[in-house]
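In case you want the letters, here they are:
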Amino acid sequence: MKSTNISINFTGKTSKKSDTIVILAKKEGALFDCGNDLDKEINGWISYNIDNTPKFEGNKKQSMVSSMPVDSQYNKLVVAGVGDVEKLEAKDIEVVGGNIYTAIKSIGSEEITVLVDGIGEYKADDVAARIAYGIKLASYKFDKYKSEAEDKEKEETLKKVNIQLSSFKDAYELYSELDCVVEGIFLSRNLTNEPANNLYPESYVKIIKEEMKGLDVSIEILDEKKMQKLGMEAIFSVGKGSVRQPRMVIMKYIGAGKKDAPIAFVGKGVTFDTGGISLKPGAGMEDMKIDMCGSAVVVGLMKTLASRKAKVNVVAAVGLAENMPSEHAYRPSDIIGSYKGKTIEVINTDAEGRLVLADTLSYVQKKHKPHTVIDLATLTGAMMVALGLDYCGVFSNDNDLWNEINQAGDKVGEKFWRMPLDKSYMNEIKSEIADIKNMGSKYGGACTAAAFLQYFIEDGVKWSHLDIAGVALGKKSSSLIPKGGSGGFGVRTLNQLIKDKYEVK
Ligand code: BES
Ligand code: MG
Ligand code: ZN
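Caption draft 1: Quick peek at the coordination of the zinc ion (ligand 3). Lys-268 (NZ), Asp-273 (OD), Asp-291 (OD) and Glu-352 (OE) make up the full set of protein donors to the zinc ion (ligand 3), lying at 2.0 to 2.4 Å. Geometry at the zinc ion (ligand 3) is octahedral, judged from the 6 donor atoms that bind it and their angles of 78 to 174 degrees at the metal. Between the zinc ion (ligand 3) and the magnesium ion (ligand 2), a separation of 3.2 Å is found, and both are coordinated by Asp-273. Here Lys-268 and Asp-273 have matching classes, each one buried.

This is the structure in C-alpha cells:
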C-alpha cells in the first residue's frame, strides 16, 4: 500500500533549477542565515516581498507565496513562518513541514527546494529531517478507489522535495528513522480507511502477513477453530453473527535481550460494528468501519518498531471480528465463557469491543507474560461525549505508565487525559447470574468499559487502556493530519514512549 509519491532528498548548495524555493522566517518576518544569503543574491527581493505583505508576520502556521525574479533558478517563493524561536519544540518544526506541504498544494509546484539552517537548539540536519517528516505526514491521501486519474492529480502535484543544508549527511540517518514512523502511520491510516467489504478478519490477516514480510516479526494466527478449542468464547461470540469468521493475530518482535519480558500492545479490531442484535441507528453507521482503528495502530506501531530495529521486546496482538446481526448472532441475555475462564452476561451486543479485548488481553498475558500492557480501542461513544475529538482518554493502574504516555504524547503533539479506574465502576458491572456483565448504567460508560477490561488484567501487570473513539473518527484535520487521515493516532506517542523508556543510551 503506497500512499504518497513524494521523494525526499537532502543536498548541499546547488545551482539546479527547481520550481519553488521555500525558506523559513521567524517572528516579525526575520530570515535565517541561508534565507538572508539568498535575499542578498537577489538584491533584497525576499525582504521586499515580506515587507509588502503586512499580514505575514512569520508566525507559526503562516506562510506567504510570491514569484521569483525572472533570472532566478526558481519560479516561485514560499516563506513559511516558524514563530517564536525560543519557544520552538521538535513537534513545531514538524508542523512547519506540514504547513509547507499545504502552501505548495495551493500553488501546485512539482519540485521544491527548502533551505534549512539550525534553529535554536536544533541542528540543521535535525530541522531538515523533521521538515521532511512533516511534509510526508501531511501528504497522506487515500484515493485508491477513485477511478478518475484527473481527480487524483488535482489533489497533489508535489513529487520531489530537496532539502538544502550545509552538512546533509546525517539528515539521511535522522530521517530514515522518522520515515519508519511515517510508514507505520500510513499503514494504520490505510487500514482504517479501508471499507469493511474489503477489510474483514481473514483479509486483514493477509495484509498483516504481507506488511511484516522482511521484518523480524514472528506471527501467530488463531482462526475460529483454534479459538473455540482454546475456549475464547468472548471474541468468538462477537464474530458469530457474521459469515466473516473472527481471527486473532499475535506478532512478536525481539529487539532486546531474549530473556527480557516484553511490553504488549493490544488492539480492538472490530472490522465493522453494526451493534449486532442491539443494532445501532442507521444514521452515521458508516463511521463504524473505523472500529478496528485500535488494531491498526498496533499493527502500524509494530511495523515502525521492527523497521527501525528498536531495541525492545514487543508483543502486538489484535482481536479481529465483525459485529453483525443474523440468526447466528449472539444476543442480549446470553451468558458466554471467556479464555480467562470467567463467565460474562451479555446485556448489549453493541458493547462488543470489550469482549474482543478480554480474550486478546488474557491470551497475551498468559502466553507472553508482559510486564506492561497497553491496549487501544474505539471502545465507547461515552469517551467522545466526555473528551470530544482532540483528547484520548487514558485509564491506567500505574502512575508512572500514565506519566510516560502523557509525556511522550506531549513531545509528539498527541493529547491525552487521565480517566478514573475505581471499584465503584467494577461493582456496576457485577452480574446477578454470571461473573460479570458487559454493560453498566447509562452513566460513565467509558469508565465501566475500562473496568470491564481491568477485570481481565492480571495482578502485577502494569496496564493502560487508551479509548481512542474520539481521536480516531477523523472528523478533524490539522497540519499533519489531512482530512480522512487520522487513523494513526497513537503510533507516534507509543513509538516515542519506547524510545524514551527502553532505548535511552
Ligand atoms: N464502537 C463503539 C464505540 C464507538 C462509538 C466508537 C462511536 C467510535 C465512535 C462500541 O462498540 C460501542 O458500540 N459502544 C457502546 C457501548 C454501550 C452499548 C455500552 C456505546 O458507546 O454506545
Ligand atoms: Mg459496539
Ligand atoms: Zn465497537
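Caption draft 2: The site of ligand 1, seen in detail. Taken together, 16 residues sit near ligand 1, with Asp-273, Lys-280, Asp-350, Glu-352 and Gly-381 positioned nearest. Separating an oxygen atom of ligand 1 from a side-chain N or O atom of Asp-273 is a distance of 2.8 Å. A distance of 2.9 Å separates a nitrogen atom of ligand 1 from a polar side-chain atom of Asp-291. Coverage of ligand 1 by the protein chains reaches 81% of its 520 Å² of free accessible surface. Elements with a minimum of two residues in the shell around ligand 1: strand S9 (263–273) and helix H12 (381–387). Taken together, the residues of the shell around ligand 1 break down into 5 nonpolar, 4 polar and 7 charged.

Caption draft 3: Region of the structure containing the nonpolar core. In terms of nonpolar packing, the biggest core is built from 95 residues, with Ile-100, Ile-131, Ile-163 and Met-251 touching the most fellow members. Sort the elements by how many residues they give to this core and helix H4 (residues 124–138) lands first, with 10 residues. In this view, Ile-163 contacts Asn-9, Phe-10, Thr-11, Val-114, Val-116, Ala-128, Ile-131 and Ala-132; residues no more than four positions away in its chain are not counted. In this structure, Tyr-330, Leu-355, Phe-452 and Trp-463 belong to the second largest nonpolar core, which totals 46 residues.

Caption draft 4: Quick peek at the packing of helix H3 (residues 90–107) against H4. The interhelical angle for the contact between H3 and H4, taken along N-to-C directions, is 50 degrees, at an axis separation of 7 Å. As far as their axial angle goes, H4 and H3 are oblique. For the element pair H3 and H4, the recorded crossing hand is right-handed. In this structure, H3 contributes Ala-90, Ile-93, Glu-94, Val-96, Gly-97, Gly-98, Ile-100 and Tyr-101 to the contact, and H4 contributes Val-127, Arg-130, Ile-131, Tyr-133, Gly-134, Ile-135 and Ala-138.

Caption draft 5: Representation of the packing of aromatic side chains within the structure. Applying the stated criterion to the full structure yields 9 aromatic pairs. With a centroid separation of 5.8 Å and 90 degrees between ring planes, the pair formed by Tyr-391 and Trp-417 is classed as edge-to-face. With a gap of 26 residues between them, Tyr-391 in strand S14 (residues 391–396) and Trp-417 in strand S15 (residues 415–419) connect regions that are remote in the sequence. Taking the relative accessible area as the measure of exposure, Tyr-391 reaches 30% and is therefore partly exposed. Centroid distance Phe-452 to Phe-456: 5.3 Å. Interplanar angle 40 degrees. Geometry classified as tilted. We note that Phe-452, like Phe-456, is buried. One aromatic cluster is present, built from ring pairs that chain together Phe-10, Tyr-172 and Tyr-175. It is Lys-169 that lies over the ring of Phe-168; its NZ or CZ is 5.2 Å from the centre.

Caption draft 6: Region of interest: the sheet that holds strand S8 (residues 247–254). Taking strand neighbours across the sheet as the criterion, the 8 strands line up as S7-S8-S10-S9-S13-S17-S14-S15 in an open arrangement whose pairing is mixed. Among the strands making up the open sheet, the edge pair consists of strand S7 (217–222) and S15. Neighbour to neighbour, the strand axes of the sheet diverge by 20 degrees on average, direction disregarded. Here S14 runs beside strand S17 (residues 462–467); their pairing, made up of 4 bridges, is antiparallel. Paired with Val-394 across the two strands is Leu-466, which belongs to S17.

Caption draft 7: Focus on the sheet that holds strand S11 (residues 335–336). Ordered by their spatial adjacency, 3 strands build an open sheet running S11-S12-S16, and the pairing between neighbours is mixed. Bordering the open sheet on either side are S11 and strand S16 (436–437), each of which pairs with just one other strand. Summarising the sheet, strand S12 (residues 344–345) and S16 pair through 2 bridges and their orientation is parallel. By the bridge assignment for S16, Glu-345 is matched with Lys-437.

Caption draft 8: Up close: the state of the cysteines. Counting across every chain of the model gives 0 disulfides. No disulfide involves Cys-447; its sulfur sits 13 Å from that of Cys-392, the nearest cysteine.

Each value, and the rule that gives it
- Residues numbered from 1 in each chain as written.
- Chains lettered and ligands numbered in written order.
- Predicted model: local features only at pLDDT ≥ 70, side-chain atom pairs only at ≥ 80, totals over all residues.
- Heavy atoms only, no water.
- Donors = N, O, S within 2.8 Å, 3.2 Å for Na, K, Ca; no water.
- Tetrahedral: all angles 85-135°; square planar, octahedral: opposite > 155°, others 65-115°.
- Buried < 20%, exposed > 50% of the residue type's maximum accessible area, 1.4 Å probe, protein only.
- Near = heavy atom within 4 Å.
- Polar contact = N/O pair within 3.5 Å; in protein donor to acceptor, adjacent residues only side chain to side chain.
- Areas by Shrake-Rupley, 256 points an atom, 1.4 Å probe, with all protein chains shown as cover.
- Helix = DSSP H or I, 4+ residues; strand = E, 2+ residues; numbered from the N terminus.
- Nonpolar A, V, L, I, M, F, W, Y, C, P; charged D, E, K, R; others polar.
- Core = buried A, V, L, I, M, F, W, Y, C linked by side-chain atoms within 4.5 Å.
- Contact = heavy atoms within 4.5 Å.
- Axes fitted to C-alpha atoms, helices over the stretch in contact; angles between N-to-C directions.
- Parallel < 35°, antiparallel > 145°, perpendicular 65-115°, else oblique.
- Left-handed = near helix turned anticlockwise from the far one by under 90°.
- Phe/Tyr/Trp six-rings, centres within 6.5 Å; stacked < 30°, edge-to-face > 60°.
- Lys NZ or Arg CZ within 6 Å of the ring centre and 35° of its normal.
- Pairing = 2+ DSSP bridges.
- Disulfide = S-S within 2.5 Å.

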